Amino acid sequence: MLTHAQIWTAIDRLAARAGLSASGLAKRAGLDPTTFNKSKRITPDGRARWPSTESVAKSLAATGVTIDEFVRLITEDGSNAEQAVPLIGFAEAGTGGYFDDGGFPVGKGWDEIPFPAVEDEHAYALEISGDSMQPAYRDGTVIIVSPLAPIRRGDRVVVKTRDGEVMAKELRRKTAKTLELRSLNPEHQDRVLAAEDVLWVARIVWASQ
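The shown structure was predicted, so the numbers you read here are calculated from the model rather than taken from an experiment.

Thresholds applied
Every residue gets a number counted from 1 within its own chain, in the order that chain's sequence is written. Predicted model: local features are reported for residues with pLDDT of at least 70 only, side-chain atom pairs are reported and counted for 80 or more only, and whole-chain, interface and lining totals are derived from all residues. Side-chain descriptors were evaluated using all non-hydrogen atoms of the structure, hydrogens and water having been removed beforehand. Here a cavity denotes grid points, spaced 1 Å and computed from the protein atoms alone, that fit a 1.4 Å probe unable to get out, and a pocket denotes an open set having protein on both sides within 12 Å along at least 5 of 7 lines; residues with an atom within 4 Å of a point are the lining. Grid points are joined across faces, edges and corners, and a volume is the space filled by probe spheres set on the points. The helix and strand labels rest on DSSP assignments: H or I over at least four residues marks a helix, E over at least two residues marks a strand, and numbering proceeds from the N terminus. Here, expected helix span is obtained from the residue count minus one, scaled by 1.5 Å. Buried, partly exposed and exposed residues are distinguished by accessible area as a fraction of the type maximum, computed with a 1.4 Å probe on protein chains only: under 20%, between the cut-offs, and over 50%, respectively. Any two of the Phe, Tyr and Trp rings considered here, Trp counted by its six-membered ring, make a pair once their centres fall within 6.5 Å; the pair's planes then place it as stacked at under 30 degrees, edge-to-face at over 60, or tilted in between.

**Considering the layout of surface pockets**
And step 1. Here the largest pocket is characterised by a volume of approximately 270 Å³.
And step 2. Lining the largest pocket are 16 residues, and of these Ser23, Ile88, Gly89, Glu92 and Glu127 lie nearest its centre.

Laid out in structure tokens, this is it:
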């Protein structure tokens, strides 16, 4: 007998397989973005809420996955060493309460996305919205960020300034006094930040496309 947890885990695995969050999967399937949110899986009175057959069918069509493959996602035993990576929208990353001063994820409000194990236990995911980072990252792209990964010239990074601005750029040069960043979108200007104005820098180690 199928359980509520098995079905929702399969939905999460389907999203991860497509490089999407649960909300990203819903959007790609033409559904309300909140259809698969964790908050929608239990009713206000505590009863289990199941995904509709229609929403599952649309999700399979949107990701090109057959019903047989979906059944395998239901019955997988988790031996592929996937872990839950915290997830928020990129736009939310600039608001307070999600990171400590070292750039590590903290606090409540994070969702989760299954992802093959990464070496950094503090890794987290950000979901891009809008087209300001095209052509590198499209709307709905999920990026995995590792606060502990070493950073070299040419790496794509997420930077947070002391005034709360969060940006994804390519690292051009880092000195004791400045951080030089190249924009991922040619329509946006490159940036040069004073080192004292940068709160933290973390490397982007993976991106869905």
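**A few points about helix α1 (residues 4-17)**
And step 1. Taking 1.5 Å of rise per residue, the 14 residues of α1 would be expected to cover 20 Å, and the 20 Å separating its terminal C-alpha atoms lies within 8% of that figure.
And step 2. Those residues of α1 lying buried are His4, Ile7, Trp8, Ala10, Ile11, Asp12, Arg13, Leu14 and Ala15.
And step 3. Once α1 finishes, Gly19 follows within two positions and takes phi at roughly 70°, a positive value.

**Observations concerning the packing of aromatic side chains**
And step 1. For the structure shown, the criterion picks out six aromatic pairs.
And step 2. Ring plane angle 85° and centroid distance 5.8 Å describe the contact between Tyr98 and Trp110, whose orientation is recorded as edge-to-face. Placement of Tyr98 in the loop between β1 (82-89) and β2 (111-116) and of Trp110 in the loop between β1 and β2 is noted, with a sequence separation of twelve residues between them.
And step 3. When its relative accessible area of 17% is taken as the criterion, Trp110 is described as buried.
And step 4. Measuring from centroid to centroid gives 5.5 Å for Phe99 and Trp110, while their planes differ by 85°, and the two rings are edge-to-face. With Phe99 in the loop between β1 and β2 and Trp110 in the loop between β1 and β2, this residue pair connects regions lying eleven residues apart in the sequence.
And step 5. These aromatic residues form a ring-pair network of at least three members: Tyr98, Phe99, Trp110, Tyr124 and Trp200.

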